[in-house]
Amino acid sequence: MRKYWVIWWRTALASIQSSLVHRWGAGFFLAGKLLRFGLFLVFLRTLHQQLDGLAGYDFDQLVTFFLMFNWFDLVGQILFR
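Residues numbered from 1 in each chain as written. Predicted model: local features only at pLDDT ≥ 70, side-chain atom pairs only at ≥ 80, totals over all residues. Heavy atoms only, no water.

A. Layout of the overall build of the protein chain. Regarding its fold elements, the protein chain presents three helices and zero strands. Counting helices and strands in the order they occur from the N terminus, the protein chain gives α-α-α. A globule of 81 residues ought to have a C-alpha radius of gyration of about 12 Å, yet the protein chain, at 18 Å, is considerably larger. Considering only C-alpha atoms, the protein chain reaches an extent of 55 × 35 × 10 Å along its principal axes. Every one of the 81 residues in the protein chain was classed for burial, and the buried ones make up 10%. Total accessible area on the protein chain stands at roughly 7400 Å², and carbon and sulfur atoms take up 70% of it. Of the charged side chains in the protein chain, 8 are positive and 4 negative; the average position of the first set lies 28 Å away from that of the second. (Helix = DSSP H or I, 4+ residues; strand = E, 2+ residues; numbered from the N terminus. Rg over C-alpha atoms; globule rule 2.2 N^0.38 Å. Buried < 20%, exposed > 50% of the residue type's maximum accessible area, 1.4 Å probe, protein only. Areas by Shrake-Rupley, 256 points an atom, 1.4 Å probe, with all protein chains shown as cover. Lys, Arg positive; Asp, Glu negative; His and termini not counted. Charge placed at Lys NZ, Arg CZ, Asp CG, Glu CD.)

B. Local environment of the environment of glycine 27. Note that glycine 27 resides in helix 2 (residues 23–50). Its relative accessible area of 38% is what places glycine 27 among the partly exposed residues. Separated by 24 residues in the primary sequence, glycine 27 and lysine 3 place their C-alpha atoms 34 Å from one another.

C. Structural view of helix 3 (residues 59–80). Over its 22 residues, helix 3 runs 32 Å from end to end, which matches the ideal 32 Å to within 8%, given 1.5 Å per residue. Every buried residue belonging to helix 3 is among Phe59, Leu62, Val63, Phe66 and Asn70, and all of these are buried. Down the axis of helix 3, the sector holding all buried residues measures 90 degrees, keeping them to one side. Of the exposed residues in helix 3, those oriented more than 90 degrees away from the buried face are Asp60, Phe65 and Phe72. (Expected span 1.5 Å × (residues − 1). Arc of directions from axis to C-beta.)

D. Quick look at the packing of helix 2 against helix 3. Two numbers describe how helix 2 lies on helix 3: the axes approach to 10 Å, and their chain directions differ by 145 degrees. As helix 2 packs across helix 3, the resulting crossing turns out to be right-handed. Side by side, helix 2 and helix 3 meet where Arg36, Phe37, Phe40, Leu41, Leu44, Arg45 and His48 of the first sit next to Phe59, Leu62, Val63, Phe66, Leu67 and Asn70 of the second. Taken together, the residues of the contact of helix 2 with helix 3 break down into nine nonpolar, two polar and two charged. (Axes fitted to C-alpha atoms, helices over the stretch in contact; angles between N-to-C directions. Left-handed = near helix turned anticlockwise from the far one by under 90°. Contact = heavy atoms within 4.5 Å. Nonpolar A, V, L, I, M, F, W, Y, C, P; charged D, E, K, R; others polar.)

E. Quick look at the packing of aromatic side chains. On inspection of all chains with the given rule, the structure shows seven aromatic pairs. Each ring, one from tryptophan 5 and one from tryptophan 9, has its centre 6.3 Å from the other, and the planes form 20 degrees; the classification is stacked. Residue tryptophan 5 and its partner tryptophan 9 are both found in helix 1 (residues 2–21); the two are separated by four residues, about one turn of the helix. In this structure an aromatic cluster arises from ring pairing among Phe37, Phe40, Phe43 and Phe66. Here arginine 45 stacks its cationic end above the ring of phenylalanine 59, 3.8 Å away from the centre of that ring. (Phe/Tyr/Trp six-rings, centres within 6.5 Å; stacked < 30°, edge-to-face > 60°. Lys NZ or Arg CZ within 6 Å of the ring centre and 35° of its normal.)

F. A look at the side chain of asparagine 70. Mapped onto the fold, asparagine 70 is located in helix 3. Asparagine 70 has contacts with Arg36 and Phe37, leaving out every residue within four places of it along the chain.

Now the structure itself:
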């Protein structure tokens, strides 16, 4: 198990270093994530307004579900990249 941990740690460090080397790349990555997040919130708002109820959830509950889903997705991506 230690061998896999060392391999994962080295690849994670290499990935972080390659991201930090290119200043524009990190900025574009962050801008893309923020744009995606904003557009999805607009999508949720539009979807909630067009439908009388999305499975009985209000907008705040939809956003909370979306944020929790994104949090777990982010943690999974961090651990497996």
